[in-house]
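Chains, contacts and geometry: an overview
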Amino acid sequence: MEAVQQTTHINGKDRCRLKLVNFEVRDNHVSHDTEGLSKNYLVVRRGKPFKVTLLFHSCLWDPHQEMLVLEVLLGSMSERIPVKFSDKWSNPQSWSARIYPGNMHHQGVTIHICSPVLSSVALYHLLVHMESIQGRRSYVAGQFVLLCNPWLKEDPVFMPRDVQIQEYIKSDYGLVYMGTHLNVSQRPWSFGQYVPGVLEACLKLLQVSPQHLCNQQRDYLLRADPVYLSRVVCAMVNCNDDMGVLEGRWQGNYKDGVKPTDWSGTADILHRWVSSNCRPVRYGQCWVFASVLCTVMRVLGIPSRVVTVFNAAHDGDSNQTIEELYSSTGEKLGLSNDSIWNFHVWVECWMRRPDLGAGFDGWQVVDPTPQEKSAGIYTCGPCPVVAVQQRCLGAPYDSAFIYASVDADIVRLIVRDGLVVGRTVDTEWVGQLIYTKCIGSDTPENLTQSYKRKDGAQTVMQTMRLCSEPICTYSAAPSCGAAEVRAAPSGSSSSGLVVTLTIEGVPSVGKSINVCVTVTNQSSSSRVLMEHVNAQVKEYNHNPQRSFWKIHKKLQIQPHEVLTLHHAIPPSEYELILSNDDIVKMVVVIKDVRTQERALDTQDVNISSPKISIEIEEGDNIQMKKEYKAQVSFTNTFTRALSGAVLAVEGPGLVQGKHEARLVLLQPGEKIEKKVSVMATSPGTKLLMATFSHSNSSSILSRSFHKVSVVTDGQRRRTE
């Protein structure tokens, strides 16, 4: 925005004396840590003074003759703020305006304005009134945006360490962890707070929410509360109930939109949403929903981070137990309402919870992926992480659902001819690993123990008593004390028969998947066994398809013997059916031929793809509006030629459109290359994305990202 705003005279005598209002944008933005958030508005944080300078036509304002009164407008509400001469601040719960000694100068006066600590997050209008016994002259000064203030101790989103604020508020770059707990992959995400138009889109999101459209005044008043804000924003990120940002799709065709895996940043999504008059952008999945939510919350001033739960449960019947059904030969059957996602991504937001008590302050789960309704709408949270860890399943909001996502038990049933012929209970598979990006680095931080207590042997009575202590004044869900005889989580046993399945090494495209099955006979009798091993292709959030590889083998095992069985699935078995993001589900069922007893174990594994090389000739720190060259290449590491090879490069805010290199045949060891021009249109962290595909496969074989830091010419000069 322009630092100096021409005032509009709205009433009073014609002798207009106020000429201009200087919003001191640069100084205020530096002071309030809001640099780069908007070119259209002054952006400040609640509870901290900001300054404006009033410039008069020909003579200085005389405080003995006229009183200055500021007025802030929010919808139909307004607050008058008499301007006082003082160097001290009064009640932090109300608006105040001060002129410090020495702040009156020739034809101007500087006023320091302070909002209440619990002001609503919104776009405000500022009026200036000059009042005397002769009457009042009023002027429209302009607009400013008020955000939460995590630097201020009295703000409910206060965060004590500056390195945390740098990571969870100011950083516009993050990582999303995906894959499986055995082979974690990561993809970068550009949150894009500093891209022009993103802050305005976040404000638009609040203005078109059902809460605002239904009762504008109530919505404005409640926007002071980060708990309320997080529920509203969470619901608005998906479009299931409202004019939300993203439409979800988890399978099928994506040709009428963008495939979720093709997104790499939030700014493009928000720009599309605004430019389409708030029609939902197609398409999102969990990490896209979560990353967009994280952007909006950081813009609004609420510390936030993206979190991945590996082996996340969707408890369809709310009993904290997930049922999985398998055939007698180890094929997983899609017959249950419950499901396990190999990974699920949500957001943690940092805030105090005065509605619950100090014991529930801190990180709160907020999940925008539309799964189940909360209070009638598709939103989830905020749920205190500590409530999940302490199993207080009645704590608002949605704690029982979140708890099941990270700590439900899995009951695996082997069925044959409609009868259950085998049963195991796994207490450790769900929520086996929970990751977020570390502060200041690209390594993962393990949050698993924040959600799951180590004292798993706690008694039922202890758990129920914990859920009814004064700090947790909610009726505990029945599952708070669920009791069941449980098998060892490391494998499956049946009458002294123990089986475990492990994946050897990290499988990569073009290499065999090596599987190890260990069978232990704990009995004093020899046994004749049948081994059934199955491999099925699945997407991270779906039941698997039919088996693409299987083996059946008869075995003999002696008393107390341990058998180790090795199997290899060659690349030729999976290359034509497995895409870049697919997962292989391995299942083994061991059957005692005489007793008909069965034992089962399972593992999920993703296949690592060959890498695409991306290099910017002058390094990864570039200057805005200056042209650079990027070299992108892929080498065929397979033992066979790849026909119809396509190397594609794109990057919102860096590259215009999509650039491709094509080869009819890419021989083993041969390289396909593409050089593209890079020019950043705005500062911040940007991402170049490259993909490689070939005609032998219907999906992308490899996808790579490259982080680029963009600075303005002024920023570069200040660092030199």
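Now for a description of the structure that goes with this document. Since the model is a prediction, treat every value here as computed from it, not as a measurement.

1. Quick notes on the nonpolar core
Membership of the largest hydrophobic core comes to 71 residues, with the highest contact counts inside it found for Val-233, Ile-269 and Trp-287. The biggest single contributor to this core is helix α8 (residues 286-300), with twelve residues. Apart from the residues within four sequence positions on either side, Trp-287 is in contact with Val-176, Met-178, Arg-187, Trp-189, Pro-260, Thr-261, Phe-343, Val-345 and Tyr-540. Leu-555, Leu-578, Leu-647 and Leu-654 belong to the second largest nonpolar core, which has 57 residues in total.

2. A closer look at the packing of helix α3 (residues 198-207) against α8
For the pair α3 and α8, interaxial distance at closest approach is 10 Å and the crossing angle is 95°. As the angle between them shows, α3 and α8 are arranged roughly perpendicular. Side by side, α3 and α8 meet where Val-198, Leu-199, Cys-202, Leu-205 and Leu-206 of the first sit next to Thr-295, Val-296, Val-299 and Leu-300 of the second. Class assignment of the residues belonging to the contact of α3 with α8 gives a composition of eight nonpolar, one polar and no charged.

3. Re the pattern of salt bridges
The full count for this structure, using the stated rule, is 29 salt bridges. We note a salt bridge from Arg-282 to Glu-247, for which the minimum N-O separation is 3.1 Å. Of this pair, Arg-282 sits in strand β16 (residues 281-284) while Glu-247 is found in strand β15 (residues 246-248), placing the two residues 35 residues apart along the sequence. The shortest N-O distance in the salt bridge between Arg-640 and Glu-575 comes to 2.9 Å. In this pair, Arg-640 sits in the loop between β37 (628-635) and β38 (642-650) while Glu-575 sits in the loop between α13 (571-574) and β33 (583-592), placing the two residues 65 residues apart along the sequence.

4. Focus on the environment of Val-708
Along the chain, the position of Val-708 falls in strand β42 (residues 702-711). Taking the C-alpha atoms as reference points, Val-708 and Val-195, 513 residues apart in sequence, are found 14 Å from one another. When neighbours within four sequence positions are excluded, Val-708 is seen to be in contact with Ile-616, Asp-620, Ile-622, Leu-654, Gly-684, Thr-685 and Lys-686.

5. With respect to the sheet that holds strand β35 (residues 613-616)
Reading across from one edge, β35-β37-β40 is the order of the three strands in this open sheet, with antiparallel pairing throughout. Of all the strands in the sheet, the pair left with one neighbour each is β35 and β40 (671-678). Strand-to-strand twist of the sheet, defined as the mean angle between neighbouring strand axes without regard to direction, takes the value 15°. When β35 meets β37, the two strands line up antiparallel, connected through four bridges. Paired with Glu-615 across the strands is Gln-631, a residue of β37.

Analysis parameters
- Residues numbered from 1 in each chain as written.
- Predicted model: local features only at pLDDT ≥ 70, side-chain atom pairs only at ≥ 80, totals over all residues.
- Heavy atoms only, no water.
- Core = buried A, V, L, I, M, F, W, Y, C linked by side-chain atoms within 4.5 Å.
- Buried < 20%, exposed > 50% of the residue type's maximum accessible area, 1.4 Å probe, protein only.
- Helix = DSSP H or I, 4+ residues; strand = E, 2+ residues; numbered from the N terminus.
- Contact = heavy atoms within 4.5 Å.
- Axes fitted to C-alpha atoms, helices over the stretch in contact; angles between N-to-C directions.
- Parallel < 35°, antiparallel > 145°, perpendicular 65-115°, else oblique.
- Nonpolar A, V, L, I, M, F, W, Y, C, P; charged D, E, K, R; others polar.
- Salt bridge = Lys/Arg side-chain N within 4 Å of Asp/Glu carboxyl O.
- Pairing = 2+ DSSP bridges.

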